[in-house]
Amino acid sequence: MTQFPQMQAFIADWFARFDRLDPVDAFLPDLHPDVIWDMPDIDSSLHGHDRFRAWYATVLSTFTPPITHRLSDIHITENEVRFTVEMHANLLNGAPVQITAKEHWRYSLTAAGTPQITHYTVEI
């Protein structure tokens, strides 16, 4: 039960980093090395951190900061998180874009007691 406020803070920090488009290395400690990164249009031959790196390289080459993520319908259990996210951003050419998606994460706690995402699924 006590990990739920911790998980809420984790989620807020995770999206704050995305809003700023922090460097890829800012995210890797929060992802299990073999994380299942289930996102549309990502090279299925890649796995774990390599798959995340490929996805994030596409993000960095597509959007300009800042990005805004608004979360709703957040449901957290001992090892899962489900929510709706609405993203507002600008493409590199300045065109605005809005995407709404459903996210489902599975996570575990590290030996230090911090959350680490083991499975990340997005449905657009």
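The structure this text deals with has already been given above.
Residues numbered from 1 in each chain as written. Predicted model: local features only at pLDDT ≥ 70, side-chain atom pairs only at ≥ 80, totals over all residues. Heavy atoms only, no water.

Describing the overall build of the protein
The test is simple: Strands here are runs of E lasting at least two residues and helices are runs of H or I lasting at least four, both read from the DSSP assignment and numbered beginning at the N terminus. As defined in this context, the radius of gyration uses C-alpha atoms, and a globule is described by 2.2 Å times the residue total to the power 0.38. Throughout this description, buried means an accessible area under 20% of the type-specific maximum (1.4 Å probe, protein chains only), exposed means over 50%, and partly exposed covers the range between. Should any heavy atoms of two residues lie within 4.5 Å, those residues are considered in contact. All accessible areas in this document rest on Shrake-Rupley with a 1.4 Å probe, and a residue is counted as covered only by the protein chains that are shown. The charged-residue count follows a simple rule in which Lys and Arg add positive charge and Asp and Glu add negative charge, with His and chain termini not counted at all. Charge placement uses NZ in Lys and CZ in Arg. For Asp and Glu, CG and CD serve respectively.
Scanning the protein for helices and strands turns up two helices and five strands. In the protein, the order of α-helices and β-strands from amino to carboxyl end is α-β-α-β-β-β-β. Against the 2.2 N^0.38 benchmark of 14 Å for 124 residues, the protein shows a C-alpha radius of gyration of 14 Å, consistent with a compact globule. Along the first, second and third principal axes, the C-alpha set of the protein runs to 45 × 30 × 25 Å. The buried share of the protein, taken over its 124 residues, is 40%. Considering only contacts within the protein whose residues lie at least 6 apart along the sequence, 51% involve residues at least 24 apart. In the structure as shown, the protein presents an accessible area of about 6900 Å², 55% of it carried by carbon and sulfur atoms. Here the protein holds 8 positive side-chain charges and 16 negative ones, and the gap between their average locations is 2 Å.

Some details on the layout of surface pockets
What counts, and what does not: Cavities and pockets are defined on a 1 Å grid built over the protein atoms alone: a cavity is a set of grid points where a 1.4 Å probe fits but cannot escape, while a pocket is an open set with protein on both sides within 12 Å along at least five of seven lines, and lining residues are those with an atom within 4 Å of any such point. Grid points are joined across faces, edges and corners, and a volume is the space filled by probe spheres set on the points.
Put simply, the largest pocket is a space of about 490 Å³. If you list the elements that add at least two residues to the lining of the largest pocket, you get α1 (3-20), α2 (48-60), β2 (63-76), β3 (80-91), β4 (96-109) and β5 (115-123).

Topic: the pattern of salt bridges
Inclusion rule: Salt-bridge detection follows one rule: a side-chain nitrogen of Lys or Arg within 4 Å of a carboxyl oxygen of Asp or Glu.
Per the stated rule, a full pass over the model turns up seven salt bridges. The residue Arg-53 makes a salt bridge to Asp-50 at a minimum N-O spacing of 3.2 Å. Residue Arg-53 and its partner Asp-50 are located together in helix α2, separated by three residues, close to a single helical turn. A residue is classified by how much of its surface remains accessible, and Arg-53, at 36% relative accessible area, is partly exposed. Asp-50 sits in the partly exposed class, given a relative accessible area of 44%. The partner of Glu-80 in a salt bridge is Arg-106, with the nearest N and O atoms 3.9 Å apart. Placement of Glu-80 in strand β3 and of Arg-106 in strand β4 is noted, with a sequence separation of 26 residues between them. Assessed through its relative accessible area of 24%, Glu-80 is described here as partly exposed. We classify Arg-106 as partly exposed; its relative accessible area is 36%. In the salt-bridge network here, residues are joined through shared partners; they are Asp-13, Arg-17 and Asp-30.

What about the packing of aromatic side chains?
Selection rule: Side-chain rings of Phe, Tyr and Trp (the six-membered ring for Trp) are treated as a pair once their centres are within 6.5 Å; stacked means planes under 30 degrees apart, edge-to-face means over 60, and tilted covers the remaining angles.
With the rule as written, the count across this model stands at 23 aromatic pairs. When the centroid spacing of 6.4 Å and the interplanar angle of 50° are considered together, the rings of Trp-14 and Phe-52 count as tilted. Remark: Phe-52 occurs in helix α2 and Trp-14 occurs in helix α1; sequence separation between them is 38 residues. The residues Trp-14 and Phe-52 share a single accessibility class, namely buried. Connected via pairs of aromatic rings, a cluster forms that spans Phe-10, Trp-14, Phe-15, Phe-18, Phe-27, Trp-37, Phe-52, Trp-55, Tyr-56, Phe-83, Trp-105 and Tyr-120.

Remarks on the pairing of β4
Selection rule: Any two strands between which DSSP finds at least two bridges are classified as paired.
The pairing of β3 with β4 spans eleven bridges and is antiparallel. Opposite Asn-90, over in β4, you have Pro-96 as the bridge partner. Remark: four residues form the turn of the hairpin made by β3 and β4, two consecutive strands paired antiparallel; Gly-94 in that turn has positive phi of roughly 95°. Counting the residues that bridge the hairpin from β4 to β5 gives five residues, and of these Gly-113 lies at a positive phi of roughly 90°.

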